[in-house]
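Chain and residue survey
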Amino acid sequence: EDQVTQSPEALRLQEGESSSLNCSYTVSGLRGLFWYRQDPGKGPEFLFTLYSAGEEKEKERLKATLTKKESFLHITAPKPEDSATYLCAAGHYNTDKLIFGTGTRLQVFP
Amino acid sequence: SQTIHQWPATLVQPVGSPLSLECTVEGTSNPNLYWYRQAAGRGLQLLFYSVGIGQISSEVPQNLSASRPQDRQFILSSKKLLLSDSGFYLCAWSLAGANTFGSGTRLTVV
């Protein structure tokens, strides 16, 4: 069964304290691994797509990496405005459907 | 550029009442369209997706239905709401790859 699991469920960081979020996936035929940011009461905002193991993408303080079984979202020197829920999703090869994890709720304190 | 509109933003409905949520996409043709539901503290659950006018696939059995009367219009409906239908409903579109989400509708069934 296709499945996406994110850890930890919640993460509290001091401003400037770097860390990583994990997304492990089991999908028969991965089309892409997607990362989103979601603020409370809003729709998810697209961050990255990774297509193959070894691929990396960066945006400001965020860097996403991909292996054959998991993806990491690295947050370097986070700021309070990085506080949000981060969702990952796996796309199946034959469809445009995405399978979402339950997210990691990140809080960054000044 | 492409935009997605979803309304209303919030809705409070009594049990047993009907529901109609509308989503429209601008700036693209023949997109894949999706309805998701997000329960509190949980991930996104795909409810319906559509690859074209009149073509609807249901992902989970439920009290809801979807229709696509026009290429860029997607409607989520119910004849009689249940308490368990409460949640955050999100519409999304894609051509190939990442889903782009609307701003969501917070539905509370009382």
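Below is a summary of the structure that appears in this document. None of the values given here were measured: they were computed from a predicted structure.

Where empty space is left becomes clear once a probe the size of a water molecule has been rolled over the atoms. Roughly 420 Å³ of volume is contained in the second largest pocket. Contributing to the lining of the second largest pocket are 15 residues, with A:Phe100, B:Gly43, B:Leu44, B:Gln45 and B:Leu46 lying nearest its centre. Looking at the lining of the second largest pocket, the elements with two or more residues in it are strand S10 (98-100) of chain A together with strand S5 (44-52) of chain B. Considering only residue class, the lining of the second largest pocket consists of 7 nonpolar, 4 polar and 4 charged.

Turning our eyes to something else, we now look at the packing of aromatic side chains. Residues and elements named next belong to chain B. Inspection of the entire model under this criterion finds 9 aromatic pairs over all chains. Between Trp-35 and Phe-74, the ring centres sit 6.1 Å apart and the planes meet at 25°, which makes this aromatic pair stacked. In this pair, Trp-35 sits in strand S4 (residues 32-38) while Phe-74 sits in strand S8 (residues 73-78), placing the two residues 39 residues apart along the sequence. Assigned by exposure class, Trp-35 and Phe-74 land together as buried.

A cis geometry characterises the amide bond from A:Ser7 onward to A:Pro8, with omega recorded as -10°. Inspection of the secondary structure assignment puts A:Pro8 in the loop between strand S1 (3-7) and strand S2 (10-14). In the segment running from B:Trp7 into B:Pro8, the intervening peptide bond is cis, with an omega of 0°. Along the polypeptide, B:Pro8 turns up in the loop between strand S1 (3-7) and strand S2 (10-13). Even without glycine at this site, A:Glu60 takes up a positive phi of about 55°. Relative to the helices and strands, A:Glu60 is located in the loop between strand S6 (56-59) and strand S7 (62-66). For B:Asn30, which is not glycine, the phi torsion reads 50° and is therefore positive. Tracing the chain through its elements places B:Asn30 in the loop between strand S3 (19-26) and S4.

Reading the values: the criteria
- Residues numbered from 1 in each chain as written.
- Chains lettered and ligands numbered in written order.
- Predicted model: local features only at pLDDT ≥ 70, side-chain atom pairs only at ≥ 80, totals over all residues.
- Heavy atoms only, no water.
- 1 Å grid on protein atoms, 1.4 Å probe; cavity = no way out; pocket = protein on both sides within 12 Å on 5 of 7 lines; lining within 4 Å.
- Points joined across faces, edges and corners; volume = space filled by probe spheres on them.
- Helix = DSSP H or I, 4+ residues; strand = E, 2+ residues; numbered from the N terminus.
- Nonpolar A, V, L, I, M, F, W, Y, C, P; charged D, E, K, R; others polar.
- Phe/Tyr/Trp six-rings, centres within 6.5 Å; stacked < 30°, edge-to-face > 60°.
- Buried < 20%, exposed > 50% of the residue type's maximum accessible area, 1.4 Å probe, protein only.

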